[in-house]
Amino acid sequence: MVGRDSELDVLADAFADACAETVRTVVISAEGGGGKSRLIREATERLGRQALVLSGWCVEQGEPGLPFAPFVSAVRRLVQLRGVAEIVTLVGHAGARELARLLPELGPAPSEGDPGMARSRLFESLRLLLERLAAQAPVVLALEDLHWADRATRDLLLYLARNLHGTRLLLIASYRTEALAEAHPLRGGFAELARIEGVTTLALPRLSRANVALHLTAMLGHEPAPDVVNGVHARGGGVPLFTEALVTPTGAVRPRLMGSLRDLLLGAVNELPERAREGLRAMAVGGFRVGHRLLVAVVGADGLDAALRAAIAAHVVIAADADGYAFRHALIQEAIRDELLPGERQRLHRAYAEALEADPSLGADAWVAASIALHWRAADDPARALNAAWRAAREATARLAYAEQLTMLEHALDLWPRVEPAQRPQGIDRAQLLEAAADAACWAVETERGQRIVEAGLAELDPATEGERIAALLLERAMMRQQGMHEGELGDLREALRLAPGSTRTRAAALGQICRALAQHGRADEIGALADELDELAMRLGEAEWTVEALVSGALARPVGDMAAMTRLERALGEAQAGASGRVEMIARVAMVDLLDARGEHAAAVEAASAAWQRARQLGQARYMGASVAQLLARALMAVGRWDDAIELMAEARELDPSPLGSTQLSQVSGLIAAGRGDLTPAERALKVLAGVEASPQDAPPRRSSCQWRSPCFRATWPPPSRPAFASARSGAGCRHGCSGR
Ligand SMILES: Nc1ncnc2c1ncn2[C@@H]1O[C@H](COP(=O)(O)OP(=O)(O)OP(=O)(O)O)[C@@H](O)[C@H]1O
Ligand SMILES: [Mg+2]
């Protein structure tokens with residue numbers, strides 16, 4: 001079981017109190033599949049033989065529920081464990097006869113008498129039974145799924161919670177939050193229960209992303225890929241049942257919900273009046289969260305408030321903020337959307353697209369253009385969808401939202417052949433869309449998708465007349481090959497240089513990129529001439545961006561100990577900041593951290609790397625540069641003894657779902673941390689991951705990302721030494737790790 005440590009503590013404390021004869025009740029609430037039963041099972045299993053655990057469940061049988069259902073199953077369990085004779089010994093023949101009202105196995109129940117009196121005799125007999133049992137050993141009575149309980153069960157629970165003082169009894173009750181809608185007859189009962197002395201309520205939160213990752217690891221027997229964790233966490237929202245339902249045994253994310261899960265999610269929806277269901281269908285098309293004004297524009301205001309009130313009362317929807325609504329769970333939205341008929345869905349999408357085009361302020365999302373494009377596309381209006389997607393892609397560039405930009409450009413590329421030339425966005429051709437998409441893919445670290453886009457772009461361009469454009473695409477591909485750890489990075493860069501011989505920006509970009517790639521491949525000796533050429537070209541172009549690139553390349557060509565390298569990088573950083581180019585600023589920052597680290601100036605490296613880490617996020621480059629920066633920062637943190645910070649940082653960086661190169665760099669550092677702490681198992685695991693990487697096809701010689709593992713210094717320290725010995729071996733390794741960035 002993952003997470004839930006504090007909840008287990010609450011239950012353990014409650015049990016300890018109960019053992020001290022202070023009657024305790026813990027009421028656990030969570031949504032369906034939220035982990036109530038699992039928590040109770042874990043907590044009671046931990047008690048082992050210290051307690052007699054009796055569990056009982058309510059059953060869903062429509063109204064009214066089976067009387068006293070959870071008590072019936074709990075007493076039945078007791079009879080199975082101890083036999084009828086023992087019950088008779090504990091409560092006498094008369095008591096057993098009263099309890100026979102619950103359980104016919106105990107003999108004929110008394111038939112005569114006033115029903116009110118009969119009920120109180122039953123309550124009394126059960127109380128006596130629990131008291132006598134608890135005199136032998138502490139008792140835990142777990143009553144589950146009380147949202148389905150009948151009134152009689154509720155009354156008996158309240159009676160026991162009030163009347164069992166001085167008994168070594170822990171009562172645990174559970175119910176589904178969403179099932180206890182406002183009008184539910186038991187709501188008042190739970191409010192009353194919560195006011196009784198000794199009653200604790202425990203609302204289980206959804207599991208965090210980190211815990212979802214642990215849950216998946218436990219299920220699959222291996223660590224899932226970060227995008228699987230992200231997908232499952234986003235859709236399942238950290239509800240354990242959904243986590244389990246959303247992945248296949250092989251670890252893939254299921255695109256559609258399974259039938260039983262859909263029934264669970266739609267149960268409450270189907271009981272709502274038609275107007276509410278209509279509103280929910282419209283909401284489901286609008287998104288997880290929809291603004292009130294937008295919803296009104298789509299479905300009309302008539303009766304909408306009352307309808308939504310009912311949906312809120314049924315826990316299907318929550319009032320998200322002052323002016324909108326959200327589904328209680330993303331999967332409810334998905335389930336409703338899946339049930340729409342094709343015509344219904346298209347009509348609603350069109351209504352959204354028209355409403356948002358007429359008044360973009362209706363969109364709660366800051367990025368309205370993309371919503372409009374998606375709605376037009378789903379409304380099957382390719383021309384409007386194409387134009388909207390192109391507009392959205394341009395907007396995304398300004399927001400540094402590369403993944404969204406890529407999605408929009410891919411939509412535009414898909415729609416392109418379905419739209420007449422006159423209706424397409426004016427002034428662009430398909431190759432330009434592909435070039436923009438390749439660039440977006442590169443920044444978004446979508447290396448596989450990006451390489452396919454580059455291939456398509458290369459097929460559109462004529463090498464005889466469009467060498468520069470081809471070179472630009474090759475630069476994108478080289479970057480993606482680096483990030484994806486595919487072969488051919490240096491080949492692409494050399495070819496780009498050949499195709500862009502003039503004094504152009506493309507050539508400057510190619511020179512800068514090849515210098516950094518050579519440094520990363522451990523071929524610093526080949527940088528000199530290229531860096532000199534870039535220096536001259538930058539002067540001719542007269543633009544700050546290339547000056548910075550030239551300064552960085554020049555620094556990479558120099559030995560670590562050369563003070564001029566540091567001076568150049570300081571200047572580069574200053575100029576990048578003054579020139580407001582985020583791209584070259586990150587290049588300069590990473591090169592700076594790398595150099596500080598290689599020179600053993602670890603405190604300065606920590607400072608520079610922390611700043612770089614923050615800037616990568618601000619500049620929308622967290623996924624692109626995050627892992628490279630984080631591994632540099634972690635190394636620096638380790639070198640100054642801040643191991644816990646380094647571990648925390650590794651977890652944070654993994655959440656960014658880095659590229660294969662970034663992941664390898666993180667595995668490498670995690671391995672170093674584990675080895676440094678003398679923690680052999682994770683260190684060996686990391687070594688295995690890296691051994692797999694080394695076996696994969698690579699440009700020769702090996703990349704920096706794996707070179708440290710091959711270095712004699714590191715090998716010499718395996719198996720890991722004590723921490724100080726390790727730190728000194730590490731700092732003596734003298735192996736400058738790579739700086740990625742284009
Ligand atoms: N903390 C956890 N770690 C790992 N798995 C969990 C955790 N909590 C729940 N699960 C698993 O998720 C699934 C749903 O959990 P559980 O049955 O406890 O939910 P519930 O709240 O009792 O649901 P219901 O409302 O349907 O009774 C189960 O397979 C359970 O084992
Ligand atoms: Mg349960």
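What counts as what
Residues numbered from 1 in each chain as written. Chains lettered and ligands numbered in written order. Predicted model: local features only at pLDDT ≥ 70, side-chain atom pairs only at ≥ 80, totals over all residues. Heavy atoms only, no water. Helix = DSSP H or I, 4+ residues; strand = E, 2+ residues; numbered from the N terminus. Contact = heavy atoms within 4.5 Å. Areas by Shrake-Rupley, 256 points an atom, 1.4 Å probe, with all protein chains shown as cover. Near = heavy atom within 4 Å. Polar contact = N/O pair within 3.5 Å; in protein donor to acceptor, adjacent residues only side chain to side chain. Nonpolar A, V, L, I, M, F, W, Y, C, P; charged D, E, K, R; others polar. Domains from an automatic or database assignment. Buried < 20%, exposed > 50% of the residue type's maximum accessible area, 1.4 Å probe, protein only. Expected span 1.5 Å × (residues − 1). Pairing = 2+ DSSP bridges. Phe/Tyr/Trp six-rings, centres within 6.5 Å; stacked < 30°, edge-to-face > 60°. Core = buried A, V, L, I, M, F, W, Y, C linked by side-chain atoms within 4.5 Å. Salt bridge = Lys/Arg side-chain N within 4 Å of Asp/Glu carboxyl O.

Participant: For the overall build of the protein, give the residues involved together with the corresponding values.
Facilitator: Assigned secondary structure in the protein consists of 36 helices and 8 strands. Taking the contacts inside the protein whose residues are at least 6 apart along the sequence as the reference set, 69% of them involve residues at least 24 apart. Within the structure as shown, the protein displays about 31,300 Å² of accessible surface, and the carbon and sulfur contribution to it stands at 53%.

Participant: Pulling in residues and values, what's your account of the site of ligand 1?
Facilitator: Around ligand 1 sit 17 residues in total, of which Lys-36, Ser-37, Arg-38, Arg-176 and Glu-244 are the nearest. One of the backbone N or O atoms of Val-2 is found 2.8 Å from a nitrogen atom in ligand 1. For ligand 1, whose unbound accessible area comes to 620 Å², protein coverage reaches 83%. For the shell around ligand 1, the secondary structure elements donating two or more residues are α2 (36-47) and α10 (240-246). Looking at the shell around ligand 1 residue by residue, the class counts come to 4 nonpolar, 6 polar and 7 charged. Shared between two domains, the shell around ligand 1 holds at least three residues of each, these being domain 1 (5-203) and domain 2 (209-255).

Participant: Can you explain the side chain of Thr-167? Please cite residues and give values.
Facilitator: One can find Thr-167 in the loop between α6 (151-163) and β4 (169-176). If we ignore the near neighbours within four places in the chain, the residues touching Thr-167 are Ala-18, Glu-21, Val-23, Leu-130, Glu-131 and Ala-134.

Participant: How would you sum up the environment of Ile-372? Please name residues and give values.
Facilitator: Structurally, Ile-372 is set in helix α17 (residues 368-378). With relative accessibility at 8%, the residue Ile-372 sits in the buried group. C-alpha separation for the pair Ile-372 and Pro-360, spaced 12 residues apart in sequence, amounts to 9.1 Å. In this structure Ile-372 touches Ala-353, Leu-356, Glu-357 and Ala-388, once residues within four positions along its chain are discounted.

Participant: Explain helix α3 (residues 69-82) to me, using residue names and the numbers behind them.
Facilitator: The end-to-end C-alpha separation of α3 is 20 Å, in line with the 20 Å expected for 14 residues at 1.5 Å each. Ala-69, Pro-70, Phe-71, Val-72, Ala-74, Val-75, Leu-78 and Val-79 are the residues of α3 that are buried. Where α3 terminates, the next one or two residues include Gly-83, which has phi positive at roughly 85°.

Participant: Tell me what's going on with the pairing of strand β1 (residues 24-30), and back it up with residues and numbers.
Facilitator: The element β1 is largely enclosed, with a buried count of 7 among its 7 residues. Here β1 shows two buried faces, one formed by Arg-24, Val-26, Ile-28 and Ala-30 and the other by Thr-25, Val-27 and Ser-29. Alignment of β1 against β4, held across 7 bridges, turns out to be parallel. Bridge pairing links Ile-28 to Ser-174 in β4.

Participant: An account of the packing of aromatic side chains is requested, with residue identities and associated values reported.
Facilitator: Scanning the model with the defined rule gives 3 aromatic pairs in all. When the centroid spacing of 6.2 Å and the interplanar angle of 85° are considered together, the rings of Phe-68 and Phe-123 count as edge-to-face. In this pair, Phe-68 sits in the loop between β2 (52-57) and α3 while Phe-123 sits in helix α5 (residues 115-136), placing the two residues 55 residues apart along the sequence. Measuring from centroid to centroid gives 4.2 Å for Tyr-175 and Phe-190, while their planes differ by 35°, and the two rings are tilted. Of the two residues, Tyr-175 sits in strand β4 while Phe-190 sits in helix α7 (residues 187-195), which places them 15 residues apart along the sequence. On the basis of relative accessible area, Tyr-175 is assigned to the buried category, the value being 15%. Within the aromatic cluster, the residues linked to one another by ring pairs are Phe-68, Phe-123 and Tyr-159.

Participant: An account of the nonpolar core is requested, with residue identities and associated values reported.
Facilitator: Residues Leu-280, Met-283, Leu-295 and Val-552 are the most contacted members of the largest nonpolar core, which totals 173 residues. Among the elements that make up this core, the one with the highest residue count is helix α30 (residues 622-639) (12 residues). Built from parts of two domains, this core gets at least three residues from each of domain 2 (209-255) and domain 3 (622-731). Discounting residues that sit within four places of it in the chain, Leu-295 has contacts with Gly-279, Ala-282, Met-283, Val-290, Gly-300, Leu-304, Leu-308, Tyr-325 and Tyr-352. Ala-74, Leu-133, Ala-152 and Leu-158 belong to the second-largest nonpolar core, a separate cluster that totals 52 residues.

Participant: Could you give me a rundown of the pattern of salt bridges, with the residues and numbers involved?
Facilitator: Under the defined criterion, the tally for this structure stands at 50 salt bridges. For Arg-384, the salt bridge goes to Asp-381, with nearest N and O atoms at 3.0 Å. Arg-589 is the partner of Glu-585 in a salt bridge, and the nearest nitrogen-oxygen pair spans 2.9 Å. Of this pair, Glu-585 and Arg-589 both sit in helix α28 (residues 582-598), 4 residues apart, which is roughly one turn of that helix. For Glu-585, a relative accessible area of 3% gives the class buried. Assessed through its relative accessible area of 11%, Arg-589 is described here as buried. Several salt bridges share partner residues, and in doing so they unite Glu-274, Arg-277, Arg-281 and Glu-344 into one network.

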